[in-house]
Amino acid sequence: MRSNHKQSGLFEPEHRIDSGFQADSTIVLAHGDSLETLKKLPDGAIKLIISSPPYNIGKEYEVQQKLEHYLEWLEPILAELVRVLSPNGSLCWQVGNYVEESEVFPLDIYFYPIFKKLGLQLRNRVVWTFEHGLHCSVRFSGRYETLLWFTKTDDYTFNLDPVRVPSKYPGKRNFRPGPDYGKPSGNPLGKNPSDVWKLMAKEWEVGLWNIPNVKANHPEKTLHPCQFPIELVERCVLALTNEGDWVLDPFTGVASALLAALKQNRKGMGIDREIAYVNEAKLRIAKLYSGELPYRPLGKPVHQPTGKEKVTQVPQEWLEKKESNEIGSGLLV
Ligand SMILES: C[S@@+](CC[C@H](N)C(=O)[O-])C[C@H]1O[C@@H](n2cnc3c(N)ncnc32)[C@H](O)[C@@H]1O
């Protein structure tokens, strides 16, 4: 999917990308260490911090360490994030599991008390589910990650209308006796998207049915091994900020969070210590403004197979084995 319009708005005509935060910046891509870069930001400047930190699972950009050392490394960064967060702002922390010797440690459980100690208040624990991924043999396959949404105070921005989703039964009417009896009971703009978000994680869910090289087919796929889908961030940007607010991702990778922010006329800052990701991020920002950035539009339904596709059919060999009682009765063929 390609954007079909050139992005226009707040930052035309030049879309200057600064390498450090300045009073008149609108886009900042800092190449460097998150902690050192954050120390240079003013208090309370950022309306939304949204990030997916390294999960300590040995990806190409991290060295795996003991869980307690990993958390100790992040703690000063989290304290800086809370310092730069606006009093009306939100922090969204998206994580999955850390796994050690087959034991699973859900990272949000470990991060929650740290943020709580830093004074933040939890508003939602959003479950982001996706349908495909690795198939486990020693436990059930993981098909969700979580996003902890915290605010700094009780006085926070929350715009529900821009992120409403179509309701399942818009035709429902009030049946209780009273002045509203018989009137539509829902909201014409749609319903609250709830705290369970079904978004495409990787392209497996788009091209899978026909195209073998699914990775290459992902509309947003770059050289980065674990990107945010832009639409995941976009929903948070629309709900938790207003136009012109600052959005920051302290572990920005290829800047998916920035793209979501800029797409919605917010200011965006990202930090990453890998130059290859920063360069790719610059390229993606340029493509956003030239109208060439491929992305999956917010709210596009996740692909559902019709049942006619070849890969949805039970293989003939399995049917034959079933017939001859060669396979157990548990198999649903
Ligand atoms: C899970 S990835 C984030 C991907 C990002 N959400 C995206 O959509 O591309 C974590 C990123 O943190 C970066 N990183 C790790 N340690 C860092 C540090 N100390 N300072 C800055 N960036 C760091 C890695 O290079 C990696 O790109």
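This one's a predicted model, so the numbers in the text were calculated from it and none came from an experiment.

**So, the overall build of the protein chain**
1) Next: A count of helical and extended segments in the protein chain gives nine helices and eleven strands.
2) Next: Here the contacts in the protein chain between residues at least 6 apart in sequence split such that 66% fall between residues at least 24 apart.

**Considerations on the site of the ligand**
1) Next: Around the ligand sit 20 residues in total, of which Ser34, Tyr61, Phe251, Gly253 and Ser256 are the nearest.
2) Next: Per-class residue counts for the shell around the ligand are eight nonpolar, seven polar and five charged.

**Brief notes about helix α7 (residues 256-263)**
Every α-helix carries 3.6 residues per turn, so stepping three or four residues along brings you back to the same face.
1) Next: Here α7 lies mainly inside the structure; eight of its eight residues are buried.
2) Next: Turning to α7, its buried residues number three or more, namely Ser256, Ala257, Leu258, Leu259, Ala260, Ala261, Leu262 and Lys263.
3) Next: Close packing links the buried residues of α7 with β2 (27-31), β3 (46-51), α6 (230-240), β10 (246-249), β11 (267-272) and α8 (275-290).

**Looking at the sheet that holds β11**
1) Next: Strand order in the open sheet formed by nine strands is β1-β2-β11-β10-β3-β4-β8-β7-β9, with mixed pairing between adjacent strands. Two strands lie at the open edges of the sheet, namely β1 (17-18) and β9 (196-198), each paired on one side alone.
2) Next: Pairing between β3 and strand β4 (residues 85-95): five bridges, direction parallel. Along β4, the bridge assignment pairs Leu48 with Ser90.
3) Next: On the sheet, helix α2 (residues 67-84) packs against β3 and β4 and is oriented at approximately 145 degrees with respect to β4.
4) Next: Here α8 sits on the sheet in contact with β1, β2 and β11, set at roughly 160 degrees to β2.

**What to know about α8**
1) Next: Between its first and last C-alpha atoms α8 spans 23 Å; for 16 residues at 1.5 Å apiece the expected length is 22 Å, and the two agree.
2) Next: Buried residues belonging to α8 abut β1, β2, α7 and β11.
3) Next: Looking one or two residues past α8, Gly291 carries a phi angle of roughly 80 degrees, positive in sign.

**Here's the deal with the packing of α6 against α7**
1) Next: Closest axis-to-axis distance for the α6/α7 pair is 8 Å, and the angle between their directions is 50 degrees. On the basis of the axis angle, α6 is oblique to α7. By crossing handedness, the relation of α6 to α7 is classed as right-handed. From α6, Ile230, Val233, Glu234 and Val237 reach across to α7, where they touch Ser256, Ala257, Leu259, Ala260, Ala261 and Lys263.

**Observations regarding the confidence of the model for the protein chain**
1) Next: Mean pLDDT over the protein chain stands at 86; residues scoring 70 or higher make up 87%.
2) Next: Scored below 50 in pLDDT, residues 1-5 shows eleven contacts in the model against residues more than four places distant or in partner chains.
3) Next: Confidence over residues 203-217 falls short of pLDDT 50; this stretch has 27 contacts with residues more than four positions distant or in other chains.

**A short note on the packing of α7 against α8**
1) Next: Packing of α7 against α8 leaves a shortest axis separation of 10 Å and a crossing angle of 20 degrees. Comparing their axes, α8 and α7 come out roughly parallel. Seen along the crossing, α7 lies across α8 with a hand that is right-handed. In contact with Leu258, Leu259, Leu262 and Lys263 of α7, α8 contributes Ala281, Arg284, Ile285 and Leu288.
2) Next: By residue class, the composition of the contact of α7 with α8 is six nonpolar, no polar and two charged.

Each value, and the rule that gives it
- Residues numbered from 1 in each chain as written.
- Predicted model: local features only at pLDDT ≥ 70, side-chain atom pairs only at ≥ 80, totals over all residues.
- Helix = DSSP H or I, 4+ residues; strand = E, 2+ residues; numbered from the N terminus.
- Contact = placed C-beta atoms within 7 Å.
- Near = placed C-beta within 6 Å.
- Nonpolar A, V, L, I, M, F, W, Y, C, P; charged D, E, K, R; others polar.
- Buried ≥ 20, exposed ≤ 12 C-beta atoms within 10 Å, placed from the backbone.
- Pairing = 2+ DSSP bridges.
- Axes fitted to C-alpha atoms, helices over the stretch in contact; angles between N-to-C directions.
- Expected span 1.5 Å × (residues − 1).
- Parallel < 35°, antiparallel > 145°, perpendicular 65-115°, else oblique.
- Left-handed = near helix turned anticlockwise from the far one by under 90°.
- pLDDT = per-residue confidence, 0-100.

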